Amino acid sequence: MTTQPLIDIRGLCVGFRGRSGSMLPVLHGIDLQVCRGESIGIVGESGSGKSTLALAAMGYLKHGLQRISGEVIYNGADMFTRTAAELARIRGGQLGLIPQNSGQALTPTLRIGRQLDEALRLHCALPAGAHTARAIDLLTQVRLPDPAAILRRYPHELSGGQQQRVAIAMALAGEPDALLLDEPTTGLDVTTQAHILELLRDLARTRNMAMVYVSHDLGVIARVCDRVQVLYAGETVLEGPTRAVLKTPAHPYARGLLASIPRLGESTLPRALEGRPPSPGSDRTGCAFAPRCALATDHCRAIHPPMVQGGTGQESRCLYPEQIAQMDMSGSGAPLSCCPRNSPLALALDTIAIRYDRPGSFARFMPARPGPPATVDDITLTIPQGETLGLVGESGSGKSTILKTIAGLLPPAQGRITLGDGTALAPRVDKRPPDQLRRIQMVFQNPDESLNPRHSVADILAQPLSLYFGLAGPELRRRATEALETVRLGAHYLDRRPGQLSGGEKQRVAIARAFAAAPEIVLCDEITSALDVSVQAAVLELLNDLKARHKTTFVFVSHDLTVVHALSDRVAVLYQGRLCEIGPSATVYAAPSHPYTEVLLNAVLEPDPDHAPHLLTADVAELSPPACGCPFQRRCPVKLGQRCDTDTPPWQKGADGHAIRCHIPLSELNKTGRG
Amino acid sequence: MIPLLFRRLALGFVTVWLVSVIIFLGVEALPGDACTAVLERDAHGEALAKCRTDMGLNAPALARYADWAGAALQGDFGVSANGQESISQIVGYRVRNSLLLATGALSVGIPLSIFLGTMAGLWRDSWIDILFSSGAIFAMTIPEFVAATILILLFAIWLGWVPAIVLTPADAPPLEFFPEFVLAAVVLTMIMIAHIMRMVRSSVIDVMASDYVQMATLKGVPYWQIVFRHALPNALLPAINVIALTVAWLLGGVVVVEVVFNYPGLGRLLIDAISDRDLPVVQAITMIVAATYVGVNLVADILGLLLNPRLRSHHMGHR
């Protein structure tokens with residue numbers, strides 16, 4: 001581009017002082033130019049330095065980080081040499097930040113109104129009397145319902161999507177020239193994510209703002225960015241127009257990253273990108289990606305590749321850009337192991353209802369009042385042995401709640417759970433005999449929290465082995481080693497602690513712990529959502545393998561429809577704790593589907609520049625189920641009328657055990673489907 | 001939130017009631033009673049029997065408990081065993097004096113410790129932090145009688161600025177304690193500062209590293225506005241309970257300091273009553289101290305609820 005860049009980052013190196021006292025760099029000579037009206041995506045795995053780069057663009061470095069060399073030029077001067085007063089004027093004014101987790105980035109003790117007012121007071125020329133009107137105006141711009149009420153709320157009283165919108169409104173208060181977005185939609189539901197991205201696209205277009213998106217999600221980048229920069233181990237390895245990077249990436253890392261993303265259209269598992277990036281301060285003579293690269297030669301390990309033109313406008317840090325197109329990057333080829341038909345029952349849930357609000361000690365003496373509708377209601381599911389049942393839905397749909405109830409962590413208000421042999425499970429985990437406990441194991445979302453940081457891997461694996469099988473001594477150690485081998489980790493991991501493992505390794509240990517109990521049923525609660533896509537693909541492959549070998553039954557909960565699609569035999573779609581649709585995975589993901597499934601599928605973002613989500617205009621998340629009728633009545637785009645508000649829809653049976661709970665006949669639903 | 005307050009209040013009453021039962025039973029279990037204490041060597045035969053009848057000690061324990069508890073509820077703790085004085089009157093002055101001393105220590109100690117803790121937290125690991133933190137630990141670790149003795153030597157004997165000990169009688173008007181109680185208040189302040197200061201320091205460090213403080217920085221909020229508007233209201237929440245415990249400890253009578261300075265507070269009265277085997281007075285003081293702990297912690301809970309919007313609306317039921 002010929003225009004003057006708005007933000008011009010040149011040769012930026014940032015590092016921290018390691019324990020040995022030497023400087024360990026996390027960013028290596030990054031160049032980044034952003035012009036007005038342009039949006040740039042910065043992609044990379046966790047630890048690649050992408051968030052550090054976004055914050056550095058505002059002249060901000062996290063505690064402990066230092067600038068080693070390079071400059072960040074904004075408005076003709078280096079951000080790192082400006083005075084505190086100048087920085088305070090620019091930050092939140094001309095340069096706005098939208099943080100990753102707005103729930104934590106909004107001050108919990110201040111009302112939304114005060115926080116917006118603060119931004120206006122600092123960066124806006126309006127007289128103080130006009131601030132409230134302007135705040136309402138900003139909240140309306142980010143399409144928040146009832147802005148006047150939101151101003152009076154505290155941050156924790158808003159949903160995740162609302163908090164994110166407030167953060168956007170706050171960044172807009174200073175009428176910025178450029179927005180820096182640090183994983184702006186990570187952790188949000190597919191529908192909310194799609195809506196926020198559309199909103200940001202609109203804002204960028206109407207205000208001619210420059211945008212820098214930091215994300216690990218290539219689907220997000222595909223939707224909103226003109227250009228992409230791929231970071232690997234703190235260095236730019238690929239830079240180019242979004243379309244070219246996503247269609248014909250000129251770097252093996254980008255190629256691998258794209259291949260590891262599960263897609264709705266694929267019928268095989270995505271290909272995992274093995275290995276992990278080098279840690280800061282490791283030797284950088286060769287190409288940083290060489291240890292993980294299928295194309296790597298001795299030449300790659302000997303010299304550090306420069307950035308070279310790689311065709312279609314891309315610049316790549318690879319010595320053999322012409323060979324990349326020949327890499328085989330179609331799915332791993334691993335066919336999905338499928339559960340045998342008509343296998344015996346493993347687990348049955350019979351009309352389960354779950355309530356969070358329990359009458360307190362005082363309320364028991366009060367006259368009974370009709371409570372709110374149950375959080376989860378009328379869940380009847382039968383799961384045959386060896387099947388993987390996926391539970392999908394937005395946050396608040398009750399999918400994790402159901403898992404907790406099966407695990408006995410949250411007793412149901414009503415209904416019963418039986419195992420395949422007819423044993424009824426006690427509602428509470430402490431009332432279940434050890435054998436029942438052994439048969440149902442759970443893997444949690446965040447291994448950092450589910451693994452005790454003070455226990456070694458050997459201790460962690462020893463617990464189920466000694467508890468359920470009474471093992472001790474060398475036999476215990478042998479079985480622990482075996483358990484590690486099932487998750488493809490070597491025996492040398494036994495003496496490590498969780499803190500010494502990467503995210504993917506930790507989650508493997510958590511899976512090994514579950515399988516050490518030789519369970520019949522494994523409950524997986526969002527187990528890949530805290531992982532990078534490349535690692536996620538490896539974990540999915542592992543689960544698929546375990547499923548084929550051990551004939552284990554899985555209940556797999558995820559908000560990511562593509563992940564559920566990649567792994568599940570059957571899928572159940574939940575809305576507000578009620579089942580909407582259930583059936584074989586292939587059937588649910590194809591038309592006809594429940595209007596809610598339709599909304600979810602339409603919001604999925606694919607790493608494809610030609611793919612655009614179809615969104616409903618006024619779609620807002622709800623916080624509680626309606627008292628009667630169809631749970632989806634208030635959001636349904638094809639609502640029939642009165643009947644949906646009052647009558648619970650019937651189950652309509654299709655082929656292959658497919659069932660949809662809707663008043664619209666199946667044949668009609670077919671027509672409203674995607675197409 | 002209102003039902004929650006009622007529940008806390010009810011629990012508080014139950015706690016105080018349980019304390020009263022335990023004290024009563026404890027006193028019952030001790031060998032001897034008020035009459036043996038009053039009559040001393042004459043406590044035998046007819047004199048003892050007459051005294052017991054006079055004092056109503058022959059009634060069943062339950063009836064005596066009901067009498068005592070009923071009167072105590074109305075602020076009447078009976079008469080002391082030896083002097084035949086009204087306990088409520090003696091204890092009343094002592095409570096006032098302890099309150100006076102505690103107020104002196106708290107009014108300086110709380111703001112000072114919050115200030116020092118905030119400074120130490122904001123300039124973590126700098127010389128300010130090291131100086132404040134180690135100074136506070138040092139002040140806390142010296143036993144209070146040593147600190148008291150050193151202060152007396154320094155300010156009362158060498159410099160002669162303040163009197164060494166308190167000679168004012170317990171029932172004197174509050175102002176007459178003025179120069180005399182200063183040293184005692186200083187010693188108490190020294191002991192309490194370290195607890196609160198360290199709590200505030202670590203919580204300021206946590207909050208300053210939080211996402212919302214980073215966000216405020218990147219919103220362009222000047223440093224001191226971040227500290228006062230965004231950081232401190234959140235950082236002080238965990239300190240409330242530590243402050244409450246300190247307040248309760250001070251109000252409950254600080255035995256060692258009162259004895260060293262001869263201060264006529266609740267703590268010294270307790271020591272005197274114990275050595276005189278004046279059980280009714282011991283009972284009364286214990287009840288007052290228990291009620292103080294319960295009351296102060298209740299206030300801290302309410303304050304925590306009022307200052308923390310997350311707790312507040314959680315209990316009001318809309319999450």
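Residues numbered from 1 in each chain as written. Chains lettered and ligands numbered in written order. Predicted model: local features only at pLDDT ≥ 70, side-chain atom pairs only at ≥ 80, totals over all residues.

> I would appreciate a short explanation of the overall build of chain B in the present structure.
Each helix and strand in chain B was counted, giving 15 helices and zero strands. On the principal axes, the C-alpha backbone points of chain B span a range of 85 × 60 × 30 Å. Look at the contacts in chain B between residues 6 or more apart in sequence, and 71% of them connect residues 24 or more apart. (Helix = DSSP H or I, 4+ residues; strand = E, 2+ residues; numbered from the N terminus. Contact = placed C-beta atoms within 7 Å.)

> What's the story with the overall build of chain A in this structure? I'm lost.
What chain A contains, in helices and strands, is 24 helices and 23 strands. Here the C-alpha atoms of chain A give a radius of gyration of 26 Å, agreeing with the 26 Å that 2.2 N^0.38 yields for 675 residues. Principal axes of the C-alpha set define a box for chain A whose edges measure 75 × 65 × 50 Å. Within chain A, the fraction of its 675 residues that count as buried is 49%. Restricting the contact set of chain A to residue pairs at least 6 apart, pairs at least 24 apart contribute 68%. (Rg over C-alpha atoms; globule rule 2.2 N^0.38 Å. Buried ≥ 20, exposed ≤ 12 C-beta atoms within 10 Å, placed from the backbone.)

> Hey, could you run me through the interface of chain A and chain B in this one?
Many authors give the size of an interface as the accessible area that is lost as the parts come together. Across the boundary between the two partners, chain A contributes 26 residues, which contact 20 residues of chain B. Contributing elements (two or more residues each) for the side of chain A that touches chain B: α2 (84–90), α3 (102–105) and α4 (112–123) of chain A. Here the side of chain A that touches chain B gets four residues from one element, more than from any other, and that element is α4(A). Here the side of chain A that touches chain B is built from residues that sort into 13 nonpolar, nine polar and four charged. (Nonpolar A, V, L, I, M, F, W, Y, C, P; charged D, E, K, R; others polar.)

> What am I meant to see in the packing of helix α5 (residues 87–122) of chain B against helix α8 (residues 178–208) of chain B here?
Two packed helices can be described by the angle between their axes and the distance between those axes. Residues and elements named next belong to chain B. For the pair α5 and α8, the least separation of the axes is 6 Å and the interaxial angle reads 30°. Between α5 and α8 lies a crossing whose hand is right-handed. Each residue belonging to the contact of α5 with α8 can be placed in one class, and the counts come to 22 nonpolar, seven polar and two charged. (Axes fitted to C-alpha atoms, helices over the stretch in contact; angles between N-to-C directions. Left-handed = near helix turned anticlockwise from the far one by under 90°.)

> Even after reading the chapter, I still don't get the pairing of strand β4 (residues 65–74) of chain A, so can you show me in this structure?
Across a regular strand the side chains alternate sides, sitting on one face of the sheet and then on the other. Residues and elements named next belong to chain A. As judged from the eight bridges shared by strand β1 (residues 7–17) and β4, these two strands associate in the antiparallel manner. Bridge assignment links C13 to a residue of β4, and that residue is S69. Where β4 lies against strand β5 (residues 77–78), two bridges are found, and the strand directions are antiparallel. Across the sheet, residue I73 finds its bridge partner in β5, namely D78. (Pairing = 2+ DSSP bridges.)

> In this structure, what is going on with the sheet that holds strand β15 (residues 388–392) of chain A? I would like to understand it.
Residues and elements named next belong to chain A. Read across the open sheet, the eight strands follow the order β17-β18-β19-β15-β20-β21-β23-β22; overall the sheet is mixed. Only two strands of the sheet have a single neighbouring strand rather than two, namely β17 (440–443) and β22 (651–653). Across the sheet, the axes of successive neighbouring strands diverge by a mean angle of 20°, strand direction being ignored. Contacts from helix α18 (residues 503–516) reach β17 and β18 (521–525), with the element oriented near 175° to β17.

> How do you make sense of the packing of helix α17 (residues 473–486) of chain A against α18(A) when you look at a structure like this?
All names here are of chain A. Running from N to C, α17 and α18 point in directions that differ by 125°, and their axes come no closer than 8 Å. One finds that α17 runs oblique with respect to α18. Helix-helix and strand crossings are classified by hand; for α17 and α18 the assignment is right-handed. Along its contact with α17, which presents A483, L484 and T486, the element α18 presents A512, F515 and A516. Its residues assigned to classes, the contact of α17 with α18 comprises five nonpolar, one polar and no charged. (Parallel < 35°, antiparallel > 145°, perpendicular 65-115°, else oblique.)

> Teacher, can you tell me more about the environment of A:I136 here?
Residue and element names in this part refer to chain A. With respect to the helices and strands, the residue I136 is situated in helix α5 (residues 131–141). In this structure the C-alpha to C-alpha distance between I136 and I40, which are 96 residues apart in sequence, comes to 30 Å. What I136 contacts, discounting residues up to four positions off in sequence, is P147 and A148.

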